[in-house]
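So the chains spell out like this:
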Amino acid sequence: MSSTAFDERAATATATNAAAGPAPRTRVRARKKLGPGSPIPYGWALGPLLLLAVWAAGSGVGLIDARSLPAPWTIAVTAGDLIADGRLQSNFATSAGRALLGLVFGTAAGLLLALVSGLSRLGEGLVDGPVQIKRAIPSLALIPLLVLWFGIGETMKVITIALGVFVPIYIHTHNGLRTMDNRYAELAETVRLSRIQFVRHVVLPGALPGFLLGLRFGVTAAWLALVVVEQVNATSGIGYMMELARTYGQTDVIIVGLVVYGLLGLVSDALVRLVERRTLSWRRTLAG
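The structure displayed is predicted, hence computed values, not measured ones.

K.L.:
When you look at the overall build of the chain in this model, what are you seeing that I'm missing?
P.N.:
Check the secondary structure of the chain and you find 11 helices and 0 strands. Written out in order from the N terminus, the α and β elements of the chain read α-α-α-α-α-α-α-α-α-α-α. Here the chain holds 288 residues, and the buried ones make up 32% of them. Sequence-distant contacts, at least 24 apart, represent 72% of the contacts inside the chain between residues at least 6 apart. Counting only carbon and sulfur atoms, one obtains 65% of the accessible surface of the chain, whose full area is about 18800 Å².

Here is the structure:
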């Protein structure tokens, strides 16, 4: 077939297609995303606000006995009175100081032991077994022994909190170290990094996700331990205030203490999650 004849046929086909009009478009359905969707502004507050609404509604219609659980507005008035007296601020400062000290010591111990165990087989053999034994023993079960060793002062309280914190820090940091891709270690050997450079530039960034997850559990464990130790012959703190209120049958004061503990846990967890989002912004996850 000559090129002239081919061009004539191509021109005829083009004219025919143009006369027939454009081809019907196939409707394409927008595919739904399988992830959880975009983050909701202040979504962390939805659950607590729902609980507060249910509590207020139940108290308002009389479904909740005020002697067992006072209404939210009663709790608000009681909290205002405690603030006016200065009792809430003073006890809060004492509790926050204890929790912070225990969190610092527990985090340092858990991180150090995780590095020793995660970077050395000998270290793992010496450290991991005792930590797993401690993991099986609740920190609160050690309080009678700690009282015998350290008395009923601040030392016993801080050590109890630290023991509750260091286990989740160790577990998650150690897991983060051991689940790192082995190719990073091979690359570090290829470029001849020293041991310190390897820890600084490879190990610590690689273990950071696990450490931050452990920190979230550690913060929660700190507040849980604080609730108990402050009711063991304490003379100050939110737990002491609650124990004193139990003696006098002041349910509203006990609820104020529980609300303070809950808010502290919620805020501290939100702060750790904020740090996690900022420091791990390079990861693409379902969390967004």
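K.L.:
Just checking my understanding: could you explain the nonpolar core for this structure?
P.N.:
For soluble globular proteins, the rule of thumb is that nonpolar side chains tend to be buried together. Counting residues in each nonpolar core, the largest one holds 32 residues, and the members touching the most others are Leu88, Ile161, Leu215, Leu226, Ile238 and Val256. When sequence neighbours within four positions are dropped, the list of residues in contact with Leu88 reads Ala79, Leu82, Ile83, Ile238, Met241, Val256 and Val260. Counting 9 residues, the second-largest nonpolar core is a separate cluster that includes Leu115, Leu177, Phe198 and Val199.

K.L.:
Even after reading the chapter, I still don't get the layout of surface pockets, so can you show me in this structure?
P.N.:
Rolled over the atoms, a probe as big as a water molecule pinpoints where empty space is left. Size it by volume and the second largest pocket reaches roughly 580 Å³. Within the residue set of the lining of the second largest pocket, elements represented by two or more residues are α2 (46–60), α3 (72–85) and α11 (251–279). Looking at which element gives the most residues to the lining of the second largest pocket, the answer is α11, with 7 residues. By residue class, the composition of the lining of the second largest pocket is 17 nonpolar, 1 polar and no charged.

K.L.:
Help me understand the side chain of Lys134 in this model?
P.N.:
Tracing the chain through its elements places Lys134 in helix α5 (residues 121–136). When neighbours within four sequence positions are excluded, Lys134 is seen to be in contact with Ser139, Leu142, Leu163, Phe166 and Val167.

K.L.:
Explain the environment of Gly123 to me, please; I cannot follow it from the model alone.
P.N.:
For Gly123, the location among the structural elements is in helix α5. Its relative accessible area of 8% is what places Gly123 among the buried residues. A C-alpha to C-alpha distance of 8.5 Å links Gly123 and Leu113, two positions 10 residues apart in sequence.

K.L.:
Looking at this structure, how should I read α3?
P.N.:
Residues spaced three or four apart along an α-helix face the same direction, because each turn holds 3.6 residues. Here α3 spans 20 Å end to end across 14 residues, near enough to the 20 Å set by a 1.5 Å rise per residue. Those residues of α3 that fall on the buried side of the exposure criterion are Pro72, Ile75, Thr78, Ala79 and Leu82. Along the long axis of α3, the arc covered by the buried residues comes to 120 degrees, so they all point the same way. Seen from the open side of α3, the exposed residues pointing more than 90 degrees away from its buried face are Val77 and Ala84.

K.L.:
Any chance you could explain a nonpolar patch on the surface here in plain terms?
P.N.:
On the surface, a cluster of nonpolar side chains totalling about 530 Å² of accessible area is made up of Tyr42, Trp44, Val259, Leu263 and Leu266. Topologically, Val259 is positioned in helix α11. Judged by relative accessible area, Val259 falls into the partly exposed class, the value being 35%.

K.L.:
I'm lost on the confidence of the model for the chain in this one. Help?
P.N.:
Detail in the predicted coordinates should be disregarded across regions flagged by low pLDDT. Overall, the prediction assigns the chain a mean pLDDT of 82, with 85% of residues at 70 or greater. For the chain, the element scoring lowest by mean pLDDT is helix α1 (residues 3–20), at 50; α3 scores highest, at 92. Considering only residues more than four positions removed or in separate chains, one finds that residues 1–7, a stretch of pLDDT under 50, has 2 contacts.

K.L.:
Is there a simple way to think about the pattern of salt bridges in this case?
P.N.:
Pairs can form between side chains of opposite charge whenever their charged atoms are close. Considering all chains together, one arrives at 7 salt bridges under this definition. For Arg98, the salt bridge is made with Glu154, and the minimal N-O distance between the two is 2.7 Å. Of this pair, Arg98 sits in helix α4 (residues 87–119) while Glu154 sits in helix α7 (residues 154–178), and the two are 56 residues apart along the sequence. Of the charged contacts in the structure, one is a salt bridge between Arg216 and Asp269, with a shortest N-O distance of 2.9 Å. With Arg216 in helix α9 (residues 195–229) and Asp269 in helix α11, the pair connects residues that are 53 residues apart, well separated along the chain. Looking at Asp269, the relative accessible area reads 18%, which means it is buried. Here the salt bridges share partners, and the residues they tie into one network are Arg98, Glu154 and Glu230.

K.L.:
Would you take a moment to explain the side chain of Ser117 for this structure?
P.N.:
Relative to the assigned elements, Ser117 resides in helix α4. Classification of Ser117 as buried rests on a relative accessible area of 0%. In this structure Ser117 touches Gly123, Glu124, Val127, Asp128, Tyr170, His174 and Arg178, once residues within four positions along its chain are discounted.

About the cut-offs
Residues numbered from 1 in each chain as written. Predicted model: local features only at pLDDT ≥ 70, side-chain atom pairs only at ≥ 80, totals over all residues. Heavy atoms only, no water. Helix = DSSP H or I, 4+ residues; strand = E, 2+ residues; numbered from the N terminus. Buried < 20%, exposed > 50% of the residue type's maximum accessible area, 1.4 Å probe, protein only. Contact = heavy atoms within 4.5 Å. Areas by Shrake-Rupley, 256 points an atom, 1.4 Å probe, with all protein chains shown as cover. Core = buried A, V, L, I, M, F, W, Y, C linked by side-chain atoms within 4.5 Å. 1 Å grid on protein atoms, 1.4 Å probe; cavity = no way out; pocket = protein on both sides within 12 Å on 5 of 7 lines; lining within 4 Å. Points joined across faces, edges and corners; volume = space filled by probe spheres on them. Nonpolar A, V, L, I, M, F, W, Y, C, P; charged D, E, K, R; others polar. Expected span 1.5 Å × (residues − 1). Arc of directions from axis to C-beta. Patch = residues over 30% accessible without salt bridge, like charges linked within 9 Å, V, L, I, M, F, W, Y side chains within 5 Å. Salt bridge = Lys/Arg side-chain N within 4 Å of Asp/Glu carboxyl O. pLDDT = per-residue confidence, 0-100.

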